[in-house]
Amino acid sequence: MKYIDEYRDKQLVLNIAENIKKISKKEIALMEVCGGHTMSIYKFGLPSLLPKTVKLISGPGCPVCVTSTKFVDQAIAYSKLPEVIIATFGDLIRVPGSNSSLVKEKANGADIRLVFSPLEALEIAKENTDKKVVFLGIGFETTAPTSAATIIDAYKQGVKNFYVLSSHKVMPPAMSALIDEGVTLNGYICPGHVSTITGSEIYEPIAKKYKLGCVISGFEPADMMQSIYMLVKQFESGEPKVEIEYKRAVKPEGNLKAKKMLDEVFELRDDWWRGLGILPKSGLGIRDKYREYDAEKMLVVDVPEPVEPKGCSCGEVLKGIKEPKECKLFAKVCTPEHPVGACMVSSEGACAARYKYDK
Amino acid sequence: MTNKQILLDHGSGGKLSHELISSVFVKHFANNTLKELTDSALCKVSSDQIAFTTDSYVVQPIFFPGGDIGKLAVCGTVNDLAVTGATPLYLSCGFIIEEGFSIEELDKIVSSMAKEAKNSGVQIVTGDTKVVERGAADKIFINTAGIGIIDKKNVEIANAKGVQTGDKIIINGPIAEHGVSVLGKRNELDFKTDINSDCASLNELIAKVLRISDKVKFMRDATRGGVATVLCELAENKKLGIKLDEDTIPIKENVRGICEMLGFDPLYVANEGKVVIVIGAEDAEKVLKEMKKDPLGKESAVIGEIVQDHAGKVVLNTVVGGSRIVDMLSGAQLPRIC
């Protein structure tokens, strides 16, 4: 596969591994924020190529994993309404809510459809005018612009039966919160796809305030290894800064058109993150102009306070304080077949990735 | 036939049932045993040991690039027999059809079954048809059961008794094609591909291997759950270590591309014409050469071996030189979101 295999070249990857070994003297802990990075690290077996000095910690960048139980409960409540069709990304349907999950509701007869894009959900709405279609909007700056674009489309086309339940979030507040909470890190492997939208500037305050290296990485093994090399080099020389490894996709200013759309539809609000609690200005709520597409405002359901699973260490895992293996439920009570916490649900979740590739 | 659609009466045992049997099933399956239409088929076998298997087919969509539910129902059962080392001889087939199903499509499916049965040298000797009310089944479900005879020297293949350190693992060609071709046809995934299912009867290829080697230790068709699942089960059940080399596993570029895009690991994607063979190292080259002569084995490759380390686990050496564990799949692979 062109444009992929070049970045999976064995010799290239082994050379970078060799270079990392050469320069890495001090112990260094790096967090990959993005779930896609976690997957790539384990899928290609990269830890087996790194020296003992380099430790990788999985961060809170899997959208499914940081989504609150309350959001899932609310989606389940919608799915029980006879006039509602739920449209959702696949990962979300197995996430446990307080008492059920979407996959269980689907088995009970709820109309739940898997989509790859909110635009598909809008099509479903147009084909089913007697129904109300609720799209479950999760994800960071990567997926939020497509939700925004779809809402704008719905607005222009005058669609009246399409709604978004937004749990969209932005990344930097979580990255700051982790350090404020006392998680010890020496650098961030910054998310590649998020940064194609946001650009690299959003990480500048983190690099400055916390003196942490931030390298925006691509997803292929050579990208990941090169980013680790850059972070080790910064750390050894004591010069933390923001750098872009993923130059073929990320520009410092980001994608201006997508950013404009985000701003048109969404506004920052305080939001709840699994494991981190409420973080100020970390979530994306739908602006009043588009309130007729806001499920929260237009379809009011009564959702009791959520029941969080007992003994689940998702929060600590997301903060990088605990390794999945250190959670007492890991691989015993909590497995991909019967996930207790969200980190075990998405293939990108730290626990699921570890369970699958490194149990 | 005057009707164009299956009616409940076609399953009632009355006149319409008889009409359907003679104008569709007997017409295509034509063989002397079936023609008798006795309650049980009376079959001759030349062995005191038989292999006996059954499987049900509920694939959706029923027609997919490279095959259909009928072809699949024959290949699948033929392969289940063949991988145990048996020679498949007779098949039964049971149809559960949804009221309103098109008779033209049924005819196509039955004709495809007949063609594949002929191709693989088995006879469909008995069958049954039930029609259920609209909504009680999704178009058509087929069950086939099969009987084969098995040579004494092959009876240990099914339970992998002889597998030992140093044995090689061979596959007969590129993986993940069935799963991806069917996926591309599903309504929810609207992408177009030119990928055909690998759906095929493997009994002839397997017979060739068994003729030239008595070092075949284990065989399994890598259907649902893919190659990974077959090997994980083997490693776990037999407490063996298995080492795979990712860069030796055959896969077509377009299949890899789609898996990459959807976040699927092709090792777990279904095949319908792929057999995993564990063979004594001394015979590996000879068998590989023989397999490559067969149209269904042209791209055969050695993809790994049985090792002393990590008993019970499958470890993959990745394309970039790292290593990772290959574990059993939990639930269906779901598309990734970003």
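Note: the structure precedes this text.
Residues numbered from 1 in each chain as written. Chains lettered and ligands numbered in written order. Predicted model: local features only at pLDDT ≥ 70, side-chain atom pairs only at ≥ 80, totals over all residues. Heavy atoms only, no water.

**Observations concerning empty space enclosed by the protein**
All names here are of chain A. Condition: The pocket and cavity definitions rest on a 1 Å grid over protein atoms only: a 1.4 Å probe that fits but cannot leave marks a cavity, an open set with protein on both sides within 12 Å along at least five of seven lines marks a pocket, and residues lining either have an atom within 4 Å of a point. Grid points are joined across faces, edges and corners, and a volume is the space filled by probe spheres set on the points. Residue polarity follows a fixed list, in which Ala, Val, Leu, Ile, Met, Phe, Trp, Tyr, Cys and Pro are nonpolar, Asp, Glu, Lys and Arg are charged, and the others, Gly among them, are polar.
Tallied over the full model, the rule gives three cavities of 30 Å³ or more. Roughly 80 Å³ of volume is contained in the largest cavity. Lining of the largest cavity is provided by Cys312, Ser313, Cys314, Val317, Cys327, Leu329, Phe330, Cys334, Gly341, Cys343, Met344 and Cys351. Taken together, the residues that form the lining of the largest cavity break down as 10 nonpolar, two polar and no charged.

**As for the environment of B:Val230**
All names here are of chain B. Convention followed: Numbering of helices and strands runs from the N terminus, with a helix taken as a DSSP run of H or I at least four residues long and a strand as a DSSP run of E at least two residues long. Note on classification: 1.4 Å probe, protein chains only; a residue is buried when its accessible area is under 20% of the maximum for its type, exposed when over 50%, partly exposed between these limits. Should any heavy atoms of two residues lie within 4.5 Å, those residues are counted as being in contact.
Locating valine 230 in the fold gives a position in helix H7 (residues 226–238). The exposure class assigned to valine 230 is buried, which follows from its relative accessible area of 6%. Setting aside anything within four residues of it in sequence, one finds valine 230 in contact with Phe218, Arg220, Asp221, Ala222 and Val276.

**Digging into the nonpolar core**
Note the cut-off: Definition of nonpolar core: a set of buried residues of the types Ala, Val, Leu, Ile, Met, Phe, Trp, Tyr and Cys, connected through side-chain atoms within 4.5 Å.
Core analysis: the biggest nonpolar cluster contains 100 residues, and A:Val134, A:Leu136, A:Phe162 and A:Tyr188 have the highest contact counts within it. When neighbours within four sequence positions are excluded, A:Val134 is seen to be in contact with A:Tyr78, A:Val84, A:Ile85, A:Ile86, A:Ala87, A:Tyr163, A:Leu165, A:Ala295 and A:Leu299. Within the second largest apolar cluster, 38 residues are counted, among which are B:Ile195, B:Leu240, B:Cys259 and B:Val269.

**Brief notes about a nonpolar patch on the surface**
Just so we agree on the cut-off: Residues enter patches when their relative accessible area tops 30% and they take part in no salt bridge; the joining distance is 9 Å for like charges and 5 Å for the nonpolar side chains Val, Leu, Ile, Met, Phe, Trp and Tyr. Computed by Shrake-Rupley with a 1.4 Å probe, the accessible areas treat only the displayed protein chains as cover when residues are assessed. Salt bridges are defined as contacts in which a side-chain nitrogen from Lys or Arg sits within 4 Å of a carboxyl oxygen from Asp or Glu.
Taken together, the side chains of B:Val45, B:Ile50 and B:Phe52 present a nonpolar region at the surface, about 300 Å² in accessible area. Owing to a relative accessible area of 42%, B:Ile50 belongs among the partly exposed residues under this scheme.

**Quick word on the sheet that holds strand E1 (residues 50–57) of chain B**
Residue and element names in this part refer to chain B. In plain terms, the rule: If DSSP finds at least two bridges between two strands, the strands pair. Note on geometry: axes are C-alpha line fits, over the in-contact stretch for helices, and angles between N-to-C directions span 0 to 180 degrees.
Within the open sheet, the four strands sit side by side as E1-E6-E4-E5. Their pairing is mixed. Each end of this open sheet is capped by a strand with a single partner; those strands are E1 and strand E5 (123–132). Each adjacent strand pair in this sheet contributes to an overall mean axis angle of 15°, direction not counted. Examined bridge by bridge, strand E4 (residues 86–98) and E5 share nine bridges and lie parallel to one another.

**Considering the interface of chain A and chain B**
Spelled out, the test is: By buried area we mean the combined loss of accessible area, with a 1.4 Å probe, across both parts when two parts are placed together. Definition of a polar contact: a pair of N or O atoms within 3.5 Å, with one able to donate and the other able to accept a hydrogen when the atoms are protein atoms, and with sequence-neighbouring residues admitted only if both atoms are side-chain atoms.
Listed per partner, the contact involves 38 residues of chain A and 28 residues of chain B. A combined buried area of about 2900 Å² lies between chain A and chain B, and 57% of that area is made up of carbon and sulfur atoms. Looking at the side of chain A facing chain B, the largest losses of area belong to A:Met1, A:Phe116 and A:Lys356, adding up to 22% of the total buried there. Linking chain A to chain B there are two salt bridges. The residue B:Arg256 makes a salt bridge to A:Asp5 at a minimum N-O spacing of 2.3 Å. Put simply, chain A and chain B have six residue pairs in polar contact (both at pLDDT 80 or more) between them. For the side of chain A that touches chain B, the secondary structure elements donating two or more residues are helix H1 (10–23), helix H2 (35–43) and helix H15 (350–358) of chain A.

**Description of H15(A)**
Residue pairs three or four apart in sequence face the same way in an α-helix, which turns once every 3.6 residues. When you tally the buried positions in H15(A), you get seven out of nine residues, the bulk of the element. Residues of H15(A) that are buried: A:Ala350, A:Cys351, A:Ala352, A:Ala353, A:Arg354, A:Tyr355 and A:Tyr357. At its buried positions, H15(A) is contacted by H2, strand E2 (54–61) and helix H14 (314–319) of chain A together with strand E13 (323–326) of chain B.

**Looking at helix H9 (residues 281–293) of chain B**
Within H9(B), burial applies to B:Asp283, B:Ala284, B:Val287, B:Leu288, B:Glu290 and B:Met291. Summarising the contacts, the buried residues of H9(B) are in contact with strand E7 (168–171), helix H6 (203–212), strand E10 (275–279) and strand E11 (301–307) of chain B.

By themselves, these observations are geometric and do not establish any function.
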